[in-house]
Each structure stands twice: as C-alpha cells, then as structure tokens.
Amino acid sequence: MDPTAACPVLAVPPSPLQAAPAAVHRRNIWRLRLDTEDIRREFETVPPGA
C-alpha cells in the first residue's frame, strides 16, 4: 500500500467529552446506578475551550 494520499487528509482526534456519554451508555446497558458526581468530575478534567 502506498503511504501517500491522493488528496489532503485531515485527522481529527476524538473529543474529550465523548468519554462521559460512553460511560453513561455502559451503565445503562448493565443497569447500573448513575453517579452524577462521577460525571461532574469527568467534565472538570476537560480543558477549557475543548
């Protein structure tokens, strides 16, 4: 496979905010109680402007 692209490629990293909804989804699947304190702490670790 040729490592060069035939057109410009833009790589966008995943959002740091994506982890919180994914954790909530896992809790819903396993029918676990949602601890809103955990969500608050996760959002506090997100850098400003993200």
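Refer to the structure presented above.
Here the structure is a predicted model, which means the values were calculated and not measured.

Moving on: the overall build of the protein chain. For the protein chain, the helix and strand inventory stands at 2 helices and 0 strands. Its C-alpha radius of gyration of 17 Å places the protein chain more than 25% over the 10 Å reference for a compact globule of 50 residues. Relative to its full complement of 50 residues, the protein chain shows a buried share of 10%. Total accessible area on the protein chain is roughly 4800 Å²; 63% of this is exposed by carbon and sulfur atoms. For the protein chain, the centre of its 6 positive side-chain charges and the centre of its 6 negative side-chain charges are spaced 10 Å apart.

Let's shift gears to the packing of helix α1 (residues 19-29) against helix α2 (residues 36-44). Running from N to C, α1 and α2 point in directions that differ by 160°, and their axes come no closer than 10 Å. Considering their axes alone, α1 and α2 lie roughly antiparallel with respect to each other. Here α1 runs over α2; the crossing is right-handed. Judged by residue contacts, A19, A20, V24 and R27 of α1 engage D38, I39, E42 and F43 from α2. Considered class by class, the residues forming the contact of α1 with α2 number 5 nonpolar, no polar and 3 charged.

What follows deals with the pattern of salt bridges. Summed over all chains, the structure comprises 3 salt bridges. Residues R40 and E44 are paired through a salt bridge, measuring 2.2 Å at the closest nitrogen-oxygen approach. Of this pair, R40 and E44 both sit in helix α2, 4 residues apart, which is roughly one turn of that helix. Three or more residues joined by partner-sharing salt bridges are found here, namely E37, R40, R41 and E44.

Looking now at a nonpolar patch on the surface. A contiguous nonpolar surface patch, about 400 Å² in accessible area, is contributed by I29, W30 and L32. Mapped onto the secondary structure, I29 falls in helix α1.

On to the environment of R41, then. Of note, R41 is situated in helix α2. Residue class for R41 comes out partly exposed when judged on its relative accessible area of 40%. For the pair R41 and A20, spaced 21 residues apart in the sequence, the C-alpha separation amounts to 10.0 Å.

Here is what the cut-offs are and how they apply
- Residues numbered from 1 in each chain as written.
- Predicted model: local features only at pLDDT ≥ 70, side-chain atom pairs only at ≥ 80, totals over all residues.
- Heavy atoms only, no water.
- Helix = DSSP H or I, 4+ residues; strand = E, 2+ residues; numbered from the N terminus.
- Rg over C-alpha atoms; globule rule 2.2 N^0.38 Å.
- Buried < 20%, exposed > 50% of the residue type's maximum accessible area, 1.4 Å probe, protein only.
- Areas by Shrake-Rupley, 256 points an atom, 1.4 Å probe, with all protein chains shown as cover.
- Lys, Arg positive; Asp, Glu negative; His and termini not counted.
- Charge placed at Lys NZ, Arg CZ, Asp CG, Glu CD.
- Axes fitted to C-alpha atoms, helices over the stretch in contact; angles between N-to-C directions.
- Parallel < 35°, antiparallel > 145°, perpendicular 65-115°, else oblique.
- Left-handed = near helix turned anticlockwise from the far one by under 90°.
- Contact = heavy atoms within 4.5 Å.
- Nonpolar A, V, L, I, M, F, W, Y, C, P; charged D, E, K, R; others polar.
- Salt bridge = Lys/Arg side-chain N within 4 Å of Asp/Glu carboxyl O.
- Patch = residues over 30% accessible without salt bridge, like charges linked within 9 Å, V, L, I, M, F, W, Y side chains within 5 Å.

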